[in-house]
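Residue-level listing of the chains:
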Amino acid sequence: MKEKVVLAYSGGLDTSFCAKYLSVEKNLEVYTALANTGGFGNEELDDIERKAYELGSAKHVALDVTDTYYDKCIRYMVYGNVLRNNTYPISVSSERVFQAIAIIEYAKKIGAKYVAHGSTGAGNDQVRFDLTFEVLAPDIEILTPTRDLQLSRQEEIDYLKKHGVEADWSKMAYSINKGLWGTSIGGKETLTSDKTLPEEAYPSPLTAKDEKDISLEFVEGELKGVDGKKYFNTVDAIRALEALAAPYAIGRDMHIGDTIIGIKGRVGFEAAAPMLIIKAHQMLEKHTLTKWQMYWKEQLSNWYGMFLHESLYLDPVMRDIEKFLENTQETVTGKVIVKLKPYHFVLVGIESENDLMKSDFGEYGEMNKAWTSEDVKGFTKILGTSLKIYNSVNKKY
């Protein structure tokens, strides 16, 4: 009997090559498994399954981990307003570990000797898959044909053509990774430092031209309402917001950062709903949290995002940070008004019972109600004491 290998399969060029190569060259019984983190609809899943069997898959499964991905990761990225390098909502980076967990659990379930993925040797995903597989199933051997053979995309296409695989190869000019929390786009332009992606490279074209005001309602930090409609499941709310905002081509950008393996990397992305949610949530927090809550949240959130990106999600410190982030959301409830425009958006304002601007203590720049002018004079004198001592002794100014 042939030995079993579970291939983390997406239907793209790299994993299509791996499916055929592992079957033909390695004589393995290939089980293709797609771990869906919210980026595939039913028609796409059916098409991917059909292609998997055409490539010789012994069995194909779709593992839906969208709700798990939201509950165990996305909501904490929202709580932390996580943007890597102040730009990227950590879309693909964060979902890979949940895909890897689902794949390796399936491999253990069917008794596979091997698990495989289609990552190249020059990116982050190879580390994310390898590390998760090794931690959760050290006895299952990892196979990585694309990485080991160092093949170009054209060489992979030529191999598939040689073995009778037919496809629209022109659609594979760009590497598209789509999930609930955004879509990454890689292509020839992202390999340079001076070019940007053309309009046609983005999966969501600009079709909406008229400005539109919408409201986003948060309950303890979670999105529960979009444009007046309530949602019990936040995943549904995210999808509804994406449907509203994506036609405006909102959330496009280019992420430039340091890869896990030490080289600089560049990738395009579109993330309409994630960018709106993070920025609206952040504005609501500015009104409902104290300055020290905001400060320490920012410090820990930066670490949380970095550990997600660096494939260290399974480190127990992540659970500690999550508890802190969750605790900060107790008062983050309210409505944020957002104006959608082609290619960008404007945060208009918020409405919240927990708005700390609504107090009897004073109105910024206008009126003090809880202190006198003499109180401020004394406060300022005491506040400056240490500065006076230092400058008197060191005569700096």
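The following refers to the structure shown.

Some remarks on the pairing of strand β7 (residues 182-186)
Link 1 in the chain: Buried residues dominate β7, accounting for five of its five residues.
Link 2 in the chain: Of the two faces of β7, both are covered, the one formed by Gly182, Ser184 and Gly186 as well as the one formed by Thr183 and Ile185.
Link 3 in the chain: Across five bridges, the pairing between strand β6 (residues 175-179) and β7 is antiparallel. Looking at β7, one finds that Gly179 is bridged to Gly182.
Link 4 in the chain: The hairpin turn running from β6 into β7, its antiparallel successor, is two residues long.
Link 5 in the chain: In this structure, β7 lies alongside strand β12 (residues 264-270), joined through three bridges in antiparallel fashion. Note that in β12 the partner of Thr183 across the bridge is Glu270.

Here's the deal with the packing of helix α12 (residues 373-383) against helix α13 (residues 385-394)
Link 1 in the chain: At a minimum axis distance of 4 Å, the contact between α12 and α13 shows a crossing angle of 40°. Overall, the two elements α12 and α13 adopt an arrangement that is oblique. Contacts between α12 and α13 involve Lys381, Ile382 and Leu383 from the first element and Thr385, Ser386 and Lys388 from the second.
Link 2 in the chain: Residue composition of the contact of α12 with α13, by class: two nonpolar, two polar and two charged.

Calculation notes
- Along each chain, residues carry numbers from 1 onward, in the same order as the chain's sequence is written.
- Side-chain atom pairs in this predicted model are given and counted only at pLDDT of 80 or more, local residue features only at pLDDT of at least 70, and totals for whole chains, interfaces and linings cover all residues.
- Each side-chain value is derived from all of the structure's non-hydrogen atoms; neither hydrogens nor water enter the calculation.
- Exposure categories follow from relative accessible area, calculated using a 1.4 Å probe and restricted to protein chains: below 20% of the type maximum is buried, above 50% is exposed, and the middle band is partly exposed.
- Strands here mean DSSP runs of E at least two residues long; helices mean DSSP runs of H or I at least four residues long; both are numbered from the N terminus.
- Two strands pair if DSSP finds at least two bridges between them.
- Geometry is summarised by axes, namely lines fitted to C-alpha atoms with helices restricted to the contacting stretch, and by angles between N-to-C directions that run from 0 to 180 degrees.
- To sort the angles, those under 35 degrees are grouped as roughly parallel, those over 145 as roughly antiparallel, those from 65 to 115 as roughly perpendicular, and the leftovers as oblique.
- Whether two residues touch is decided by their heavy atoms; if any such pair falls within 4.5 Å, the residues are in contact.
- Note that Gly is not counted as nonpolar here; it falls among the polar residues with everything else outside the nonpolar set of Ala, Val, Leu, Ile, Met, Phe, Trp, Tyr, Cys and Pro and the charged set of Asp, Glu, Lys and Arg.

Any link to function would need more than the numbers given here.
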